[in-house]
Every structure is written in C-alpha cells, then in structure tokens.
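# Summary of structural features
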Amino acid sequence: MKQTSARRQIDFLKGPVWQCILKQGIPLTIAQLVHLLYNVVDRVYIGHMGDGSGMALTGVGLTFPIVTLIMGFAALFGTGGIPLFSIARGKGDNARAGVILGNACTLIGISSVVVTAIGYLFMRPILFAFGASEASYVYAKEYLNVYLIGTAASMLSTGLNGYINAQGYPRIGMLSIVIGAIANIVLDPLFIFVLHMGVAGAALATVLSQTICAAWVLRFLIGKQNPVPLRARNLALKGEIVSGIAKLGAASFIMQGTTCLVQIACNATLQRFGGDVYVGIMTVVNSVREIFMLPVNGIISGSQPVISFNYGAKEYGRVRSGIRFNTLVGAAYTLVAWILVLVFPKTWFSVFSDDVQMIALGVPELRIYFFGFVCMALQFAGQSAFQALGDAKHAIFFSLLRKAIIVVPLTLLLPRIGFGVNGVFLAEPISNLIGGTACYLTMRLTVCRRIQKLSEQQTGKESSHVSGTRESIS
C-alpha cells in the first residue's frame, strides 16, 4: 500500500544530502513560519488596536522573556533528545529511540506544571524586574493570566513535534503547526475586535490554537504507522536517558535562557534610558528579527536529524556535506535579509505598529540592530553541527558566549558610556561578529577535523579488508 504524500517517509541515507536537508527543511520552515504567527499575529493586531495600542504592545513585549523561558524548557527536554533519538535510529536501535521519546514526553509534562505554578505565583515581581511600569504592567498581566493556562499544550506541541520530523515525516510536522496557526489567525480578530477582549483575547486565541496543535502531535506520535511510536511503557524515567537528554538539551535551554536574559537586560535598560516607547520599539525589532530568522532556522532544524542519522550510520562524507550546505545557504540568505532591512526598514516596522512616534524613533534602531546580520550564519552553522553530533560541551559554551558573555554586558555598558538607547541595539551586531566567528572557527577545528579523521580511519579499514580479501583469494 502506497503512503500518502504527507506521510511519505524520507530516507536520510539516499540521494544528495542537500536534497534530504531541503526535503526536511522546507516543510519545517513553513511550519516555523506558521508557528511564528501564534505570537506575531497577536502583536500585529495589538499594535493596530487604536488608542493605547503602543502601551499594549509594550506590555505584551514584557512577557517575551517568560514565553522564551517556557520554550527553553520545551527545548531542554524535547529537542534535547532529538539528536540522540536520530543517532539511535541510525544505528537501528529503535527500542532505545522509543525510550528517549517517552522520557522526553514525561519531562516536558512535569516541567510545564512547575513553570505554570511559578508564573502565577511570582508574576508581578517578575514583570517589574523585566522592566514593567505601572502602566504597562496592566497589559502584561492581562496577557499572561490567560497565556499561562496553555503552558503544557505549548510545550508538548513544540517539544514533541521534532520527533515527527526526526522520523522522516516533515510534512506531518508542518501540518502540526499549520493547523494550530490557522485557528489562531481566525480566533485573534474574533476575540480582540468582535468580542472586544483586547490583550486577553489575543492570549486566549493563542492558548486554544496551541491546544489543537498539541492534540494533533500526540495523536500522530501514538499512531502505529511510526517507526518509533510513543508508548506508555517508555514514559517511566530512566536516569541514563534523562541525563543524556538534559546534557544535550542544555545547549538549547541555555540559548533560550540567555535570550530571556538578554530580553530582561534590554527592557530594563531601555525603560531607564528611553521609557515605555523604546521597550515597545524593541518588541517590534524582535518581531522583525524572528521573521527573518525563520528560513535559516528551518534549514538548520531540517539538517540536524539528517546529519545525526548519517553520523550514527557512519556516513561521514554525508555529514561533512550537510555542514557545508548549512554554511553556504545560511550565509547567502542572511546577506539578502540584511539588505532588505537596510533598504526597507520603515516597511517592516510598520507591519507591527501604526504609532507615528514609535515608527520615527524605531526605524534607525532597526537598522543598527540588523547591521552585520550575515554573521549569524556562522553561529547557526557551528551551533547546529555541535548539537547534531552530540557535542554538548561546545554547544553550551557558544550559547553562553554570544549572549550572556557578550550581549548582556554590552547592553548594560554601552548606554552608560555615551551611546544611550542606541547602545542597547548596537550590542547585537557586535555579538554576532565576535560570537559567530568564534563558534564557526571552533567547529571547523574540532568537529570537522574529527569527522575527517573518522572518515580516513574508515577508508583505511575498508582498504585493508579489500587487500586481505585479495590475498586470501590468491
């Protein structure tokens, strides 16, 4: 019986590596584009609500660090296991892969309960620490009171969807996100404008959409059609599996955690040196950045299971080809994205706000923030290679380097030595250059050399085997 087009599985060992990556990456890019609509559509509608929309947008922007941290825990226990899952599948050990999937699901469920409880108990002090004023806190609280209800659904859909893609079903992974996002696009204007629920309506639309998405993901993973389905017997936690997931997932968690730290530092500094309007501007700038990051994120995400699987199967030449493809495509795309922002900054900014003052002040900051955006390709190529091959040590270090060690200190320092609010936006391009270059060069000197050595050893063994066979025949 033929598989439907959506359920057709991709064989990571067949065809050119770049084709495998694109077959995975294109649906994932579409999925991530649609997933971004969960939050971006909210911001677009909120930014055009009319009077007070600027303050409402600022309030929603203050919730970003919390939302980012929630996604960090999904990455820690969800995507942290995907390379291990793919390597196990590459070795033909589906039993171990099933335990990794089950343990990831349990860890996500437990952490979602803890995160939700902390969010409700400490909402006010957290938001004020993140740069809220009495005026913006009203909107931030209104949004979070509803949004936190959907924490478990959000984490399960985000953390487990990657296991669908890792089994060679990127179209199903894409549909997981598309279904939820379509619901969000329809419900947002209904709740915000028709039912006049404002910011709370935007949050409710997101929660309902995430719930639909989570239901779809779990339904598919439980199905018997998967090479490695989700089974109840694999939900019981095993120390060795949990440790492996946490170690590798720590890189993704730190990436999200340091993003949260950067957002806190930015909001608090902007509140001091520029006020609520500049916190709102950073909300828009981050939204534009998320849009432009999507394609390269999709390709990188699509490449990881392909590279991990081939590494497990000892196809080292294909591993090198995957890393090379990521680097070239990432560099070309980020260069084009940088040019588009430099040439049309007002157009991109206006998508998220019709506030005249915010646009006038924000356009120059958008240009500063995106300066040298092409350097992000180096960070992506290096970081993805470390994660795909299970090199948690380097993945964690370079997650910390770019944001915690470079961005946060610069965000706090530059405004105080004469750069004002411009210093907050200038910290990003400086970190892209230093952190991205260091990450990529280290990857070339460690991962690429290791793969080359393994490839040479494999070739030597094959040559010895052929030689021995010939002597035996003689």
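As shown above, the structure is provided for reference.
Structural notes, computed from the coordinates. (Residues numbered from 1 in each chain as written. Predicted model: local features only at pLDDT ≥ 70, side-chain atom pairs only at ≥ 80, totals over all residues. Heavy atoms only, no water.)

The next subject is the overall build of the protein chain. Along the backbone of the protein chain there are 19 helices and zero strands. Counting contacts in the protein chain only where the partners sit at least 6 residues apart, residues at least 24 apart contribute 83% of the total. Accessible area for the protein chain stands at about 19200 Å²; split by element, carbon and sulfur atoms hold 67% of it. (Helix = DSSP H or I, 4+ residues; strand = E, 2+ residues; numbered from the N terminus. Contact = heavy atoms within 4.5 Å. Areas by Shrake-Rupley, 256 points an atom, 1.4 Å probe, with all protein chains shown as cover.)

In this section: a nonpolar patch on the surface. A cluster of nonpolar residues, I110, V114, I118, L121, F122 and L237, forms a patch on the protein surface that exposes about 570 Å² of accessible area. Judged by its relative accessible area of 42%, I118 falls in the partly exposed class. (Patch = residues over 30% accessible without salt bridge, like charges linked within 9 Å, V, L, I, M, F, W, Y side chains within 5 Å. Salt bridge = Lys/Arg side-chain N within 4 Å of Asp/Glu carboxyl O. Buried < 20%, exposed > 50% of the residue type's maximum accessible area, 1.4 Å probe, protein only.)

Applying the stated criterion to the full structure yields 11 aromatic pairs. Between W338 and F371, the aromatic rings sit 5.4 Å apart at their centres with planes inclined by 80°, giving edge-to-face as the arrangement. Here F371 lies in the loop between α15 (356-370) and α16 (376-388) and W338 lies in helix α13 (residues 316-343), a separation of 33 residues in the sequence. By relative accessible area, W338 is classed as buried at 17%. Owing to a relative accessible area of 53%, F371 belongs among the exposed residues under this scheme. Ring geometry for F370 and F373: centres 5.1 Å apart, planes at 50°, overall tilted. Relative accessible area serves as the criterion here: at 1%, F370 is assigned to the buried category. (Phe/Tyr/Trp six-rings, centres within 6.5 Å; stacked < 30°, edge-to-face > 60°.)

Turning to the packing of helix α12 (residues 276-312) against α16, a few remarks are in order. Close contact between α12 and α16 brings their axes to 10 Å; oriented N to C, the two are set at 30°. By the criterion of interaxial angle, the relationship of α12 to α16 is roughly parallel. Taken as a pair, α12 and α16 cross one another with a handedness that is right-handed. Where α12 approaches α16, its residues R289, M293, V296, N297, I300, Q304, I307 and S308 are matched on the opposing element by M376, F380, S384, Q387 and A388. Looking at the contact of α12 with α16, its residues break down into seven nonpolar, five polar and one charged. (Axes fitted to C-alpha atoms, helices over the stretch in contact; angles between N-to-C directions. Parallel < 35°, antiparallel > 145°, perpendicular 65-115°, else oblique. Left-handed = near helix turned anticlockwise from the far one by under 90°. Nonpolar A, V, L, I, M, F, W, Y, C, P; charged D, E, K, R; others polar.)

For the rest of this paragraph, the subject is the environment of T437. Examined against the element boundaries, T437 turns out to sit in helix α18 (residues 421-445). Apart from residues no more than four positions distant in its own chain, T437 is found in contact with L378 and N432.

Okay, the nonpolar core next. In this structure, L127, L160, Y163 and F425 are the most contacted members of the largest nonpolar core, which totals 114 residues. Tallying contributions element by element places α12 first for this core, with 13 residues. Leaving out residues up to four positions away in the same chain, L127 has contacts with L62, I66, A132, Y137, A140, K141 and L144. Ranked by size, the runner-up nonpolar core spans six residues in total, among them V17, C20, I21 and I299. (Core = buried A, V, L, I, M, F, W, Y, C linked by side-chain atoms within 4.5 Å.)

Attention now goes to helix α4 (residues 82-90). With eight of its nine residues buried, α4 lies for the most part within the structure. Three or more residues of α4 are buried, namely I82, P83, F85, S86, I87, A88, R89 and G90.

The next thing to look at is the pattern of salt bridges. Taken as a whole and judged by the stated rule, the model has four salt bridges. Of the charged contacts, one joins R96 and E240 as a salt bridge, the two residues approaching to 2.7 Å between their closest N and O atoms. With R96 in helix α5 (residues 94-121) and E240 in helix α11 (residues 239-273), this residue pair connects regions lying 144 residues apart in the sequence. Residue classification places R96 among the partly exposed positions, given a relative accessible area of 34%. Note that E428 is salt-bridged to R402, the shortest N-O span being 3.3 Å. With E428 in helix α18 and R402 in helix α17 (residues 392-413), the pair connects residues that are 26 residues apart, well separated along the chain. For the pair shown, E428 and R402 are each scored as buried. One connected set of salt bridges, linked through shared partners, spans R289, R402 and E428.

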